[in-house]
Amino acid sequence: MPDSKNIEILKNGIRKYAPVVAEYFDCNDTITEFSHTLFTYTADSVHTQRQGFLARTIAEYLARVFQRQECVTPPLSLNIVDHHSILNHPILLATNLVANAHRLLTGDRQPIVVLTSSVVPPNNFFNRKGFQLHGKRVPLFSNKEMHQASCFIGRRDFNFTENLRKTDSWKDFTGEEQDFLKAIEQEIGGLDFSQTKSYNDQIAIINAFLWKKLFHKSIRETIPDLLYVTQEDIMRTILPSILAEDNILSRSLFNTDFRARILAAFEDLTGCWNEAKGKGTHFFWYRDAKNEAKPMFLRGTILCSTDGRFELDLGNSAEVIKSLADGAIIPNLFVIFGYLTFWLGVRPLVGHGSCNYITRMKETWLSVLTDAPDECARIQSIDTKGLIGGTIATYARDAQNAIINQYAFDVIYDGGLTRDYLEHLLAMKYKDLLQPALLEIYESYVPAAERKNLGLRPMDMMGEEFNWIGTHGK
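Note that the structure is a prediction, hence the values are computed from the model and not measured. Sequence order as written defines residue numbering, which begins from 1 separately in each chain. Local features in a predicted model are, by the rule used here, given only for residues with pLDDT of at least 70; side-chain atom pairs are given and counted only at 80 or more, and totals for whole chains, interfaces and linings are based on all residues. Side-chain descriptors were evaluated using all non-hydrogen atoms of the structure, hydrogens and water having been removed beforehand.

A. Here's a closer look at the overall build of the protein. Assigned secondary structure in the protein consists of 19 helices and 17 strands. For a compact globule the rule gives 2.2 Å times the number of residues to the power 0.38, and the radius of gyration it is set against comes from C-alpha atoms. Against the compact-globule benchmark of 23 Å for 474 residues, the protein has a radius of gyration of 22 Å, which places it among compact chains. For the protein, the C-alpha atoms occupy an extent of roughly 65 × 50 × 45 Å along the three principal directions. Relative accessibility under 20% of the residue-type maximum defines a buried residue, over 50% an exposed one, and the middle range a partly exposed one, all with a 1.4 Å probe and only protein chains included. Burial status across the protein gives 57% buried among its 474 residues. The contacts in the protein between residues at least 6 apart in sequence include a share of 72% that link residues at least 24 apart. Computed by Shrake-Rupley with a 1.4 Å probe, the accessible areas treat only the displayed protein chains as cover when residues are assessed. On the protein, roughly 19800 Å² of surface is accessible, and the fraction owed to carbon and sulfur atoms is 48%. In the protein, 51 positive and 57 negative side-chain charges are present, and the distance between their average locations comes to 2 Å. Secondary structure follows DSSP: runs of H or I at least 4 residues long count as helices, runs of E at least 2 residues long count as strands, and numbering of each begins at the N terminus. Note on definitions: a residue-residue contact is assigned when non-hydrogen atoms from the two residues lie within 4.5 Å. Positive: Lys, Arg. Negative: Asp, Glu. His and the chain ends are not part of the count. We put the charge of a Lys on NZ, of an Arg on CZ, of an Asp on CG and of a Glu on CD.

This is the structure:
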């Protein structure tokens, strides 16, 4: 049995440095009950009206890429955790299982729409250039390509088995695994990419396909579709209209006095900027010759890239809009959530990182807008603590009967999650599913100088509530 004192040290560290996560230590709701709360709330009427433009823009994206007509209806609660990469890591499988638990097995045909982040490179933490099967990596990008921002990448081929052969890694897979990879590569190659303009569009189509394969064929058609829409593409579409209006974002960019207050107030917030430490960027990233996102900092009215190769005049709104349209710049998280969450009132469904920094952003906006009581009241009403990310929900047992995490292609290889598996999973209490994730959260957020070697493993955090795994389902 794990030392209860060490578990308490772990939780105290999280209480101090990731306090929003700590609010869920005693959440006795089942996963199904918890997911209901994410969508059942009273939205501010002004926010709901403002969201109409965003809803129409998302629907237009779905019509172009997926060639389907969907009604996207405010008020919106949207997962903002997922990276815009091929489905892979168990943490990013759990987000949509947890958030939509209340309707996964009901036959609900309304799709799950996710606002993904695509400024991340293919070599992000959750993908490492591609995906993995049974602990073995399957790269989709070369070492030369892996630092590009996904939002800058053009259409490409997904011939991963050929790449494995070229690098002599093909032999690391068993015959059955090779057959599986060849079959799924052929299926991906047969998807309809006719309306896609970019890698982002292709990933949206691929993940819609893979999502359904995560479920056993007996329930697959009852599961809502998963449709990825990138934050950056949506913002690039709507920013010209946004910046032509009076709102907290256009003021932040173009009103000199207000901008100065914003720059000072949001200094050193995650997702914003800290010029002294070389972290973040003022409002926009710029696209360099290697398709990498590079920071810019303000000099007077001029945004200057740190490599000296790009400048943008914030005093000229037409120049900003043109640079967005040309794909020369991409908004940072301050711009994205300043508009989507704090002006439109979209409820963000968050991970263990974003629940803290978006809550900090909310507090900072309230401190800046003290002379706008009506807007402050609207922002105050936004719940930024809908924690859906950080947990793992795809488990199995290995040959030694130990509980192991399963990545997307592991689940698909085994035939998908069954109704029985999902019923047991979704009946778990939220606080119990969260327990194994606390170790990573502790390591991520408690400063190294204060972290202790607690000698704990994820399995030490699993009580009898996980005993059903391996006895039900696959």
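Alright, that's what it looks like, and here's the rest.
B. Examining the sheet that holds strand 8 (residues 284-287) more closely. Pairing between strands requires that DSSP locate at least two bridges from one strand to the other. The 3 strands are arranged 9-8-13 in an open sheet whose pairing can be described as antiparallel. The strands lining the two open edges of the sheet, one partner per strand, are strand 9 (293-294) and strand 13 (329-331). As defined by bridge partners, strand 8 adjoins strand 9 across 2 bridges and the pair is classed as antiparallel. Bridge pairing in strand 9 places Tyr-286 opposite Lys-294.

C. Seen up close, the packing of helix 9 (residues 231-243) against helix 13 (residues 333-340). Interaxial distance between helix 9 and helix 13 falls to 11 Å at its minimum, and their mutual angle equals 65 degrees. When the interaxial angle is binned, helix 9 and helix 13 end up roughly perpendicular. Note that helix 9 runs across helix 13; the crossing there is left-handed. The residues of helix 13 that touch helix 9, namely those facing Gln-231, Glu-232, Met-235, Ile-238, Leu-239 and Ile-242, are Leu-333, Val-335, Ile-336, Phe-337, Tyr-339 and Leu-340. Taken together, the residues of the contact of helix 9 with helix 13 break down into 10 nonpolar, 1 polar and 1 charged. The axes used here are C-alpha line fits, helices contributing only the stretch in contact, and every angle between their N-to-C directions lies in the interval 0 to 180 degrees. These descriptions rest on fixed angle ranges, namely under 35 degrees for roughly parallel, over 145 for roughly antiparallel, 65 to 115 for roughly perpendicular, and the rest for oblique. Left-handed describes a crossing whose near helix is turned anticlockwise from the far helix by less than a right angle; the clockwise case is right-handed. Ten residue types, Ala, Val, Leu, Ile, Met, Phe, Trp, Tyr, Cys and Pro, are classed as nonpolar, four, Asp, Glu, Lys and Arg, as charged, and the remainder, Gly among them, as polar.

D. Focus on the packing of aromatic side chains. The criterion for an aromatic pair is that two Phe, Tyr or Trp rings (for Trp, the six-membered ring) have centres within 6.5 Å, with stacked assigned to planes under 30 degrees apart, edge-to-face to planes over 60 apart and tilted to the rest. What the rule picks out here adds up to 22 aromatic pairs. The interplanar angle of 90 degrees and the centroid separation of 5.8 Å between the aromatic rings of Tyr-395 and Phe-466 together place this pair among those described as edge-to-face. Placement of Tyr-395 in strand 16 (residues 395-397) and of Phe-466 in the segment after helix 19 (438-445) is noted, with a sequence separation of 71 residues between them. Take Tyr-395 and Phe-466: they sit in the same class, and that class is buried. Here the aromatic residues Phe-131, Phe-160, Phe-180, Phe-409 and Tyr-413 are joined through ring pairs into a cluster of three or more. The aromatic ring of Trp-343 is capped on one face by Arg-50, whose charged end is 3.5 Å from the ring centroid. Over a ring means this: the NZ of a Lys or the CZ of an Arg is within 6 Å of the ring centre and within 35 degrees of the ring normal. Sitting above the plane of the Tyr-41 ring, Arg-347 keeps its charged end 5.8 Å from the centroid.

E. Inspection of the layout of surface pockets at higher detail. In this analysis the probe radius is 1.4 Å and the grid spacing 1 Å, with only protein atoms considered; a cavity is a set of points the probe fits into but cannot get out of, a pocket is an open set with protein on both sides within 12 Å along at least five of seven lines, and lining residues have an atom within 4 Å of a point. Grid points are joined across faces, edges and corners, and a volume is the space filled by probe spheres set on the points. As a volume, the largest pocket reaches approximately 1300 Å³. Around the largest pocket, the lining is made up of 42 residues, and of these Thr-270, Gly-271, Leu-333, Gly-353 and Tyr-357 lie nearest the centre. If one sorts the elements of the lining of the largest pocket by residue count, helix 14 (residues 354-368) sits on top with 4 residues. For the lining of the largest pocket, the per-class residue count stands at 19 nonpolar, 17 polar and 6 charged. For the second largest pocket, the calculated volume is near 430 Å³. Every residue lining the second largest pocket is counted, 21 residues in all, and those nearest its centre are Phe-39, Leu-76, Ser-77, Leu-78 and Pro-111. When residues of the lining of the second largest pocket are traced back to their parent elements, those giving at least two are strand 1 (77-79), helix 5 (90-99) and strand 2 (112-116).

F. Summary view of empty space enclosed by the protein. One pass over the structure, following the stated rule, counts 3 cavities of 30 Å³ or more. The space that makes up the largest cavity amounts to roughly 50 Å³. Class assignment for the residues of the lining of the largest cavity results in 5 nonpolar, 5 polar and no charged.

G. Highlighting the packing of helix 14 against helix 15 (residues 373-380). It is at 9 Å that the axes of helix 14 and helix 15 come closest, and there the two elements cross at 165 degrees. The pairing of helix 14 with helix 15 is recorded here as roughly antiparallel in orientation. By crossing handedness, the relation of helix 14 to helix 15 is classed as left-handed. Of the residues in helix 15, those touching helix 14 at Lys-362, Trp-365 and Leu-366 are Cys-376, Ile-379 and Gln-380. Taken together, the residues of the contact of helix 14 with helix 15 sort by class into 4 nonpolar, 1 polar and 1 charged.

H. Structural context of unusual backbone geometry. Residue Pro-74 is joined to Pro-75 through a cis peptide bond whose omega torsion reads 0 degrees. Inspection of the secondary structure assignment puts Pro-75 in the loop between helix 4 (45-65) and strand 1. With phi around 55 degrees, Arg-128 is a residue other than glycine that occupies positive phi space. By the element assignment, Arg-128 lies in the loop between strand 2 and strand 3 (130-133). Here Asp-168, not a glycine, exhibits a phi torsion of approximately 65 degrees, which is positive.

I. Representation of the pattern of salt bridges within the structure. Salt bridges, as used here, are contacts in which a Lys or Arg side-chain nitrogen is within 4 Å of a carboxyl oxygen on Asp or Glu. Summed over the entire model, instances satisfying the criterion amount to 24 salt bridges. Residue Glu-162 pairs with Lys-166 through a salt bridge whose shortest N-O separation is 3.3 Å. Here Lys-166 and Glu-162 lie together in helix 6 (residues 160-166), a separation of 4 residues that amounts to about one turn. With a relative accessible area of 38%, Glu-162 lands in the partly exposed category.

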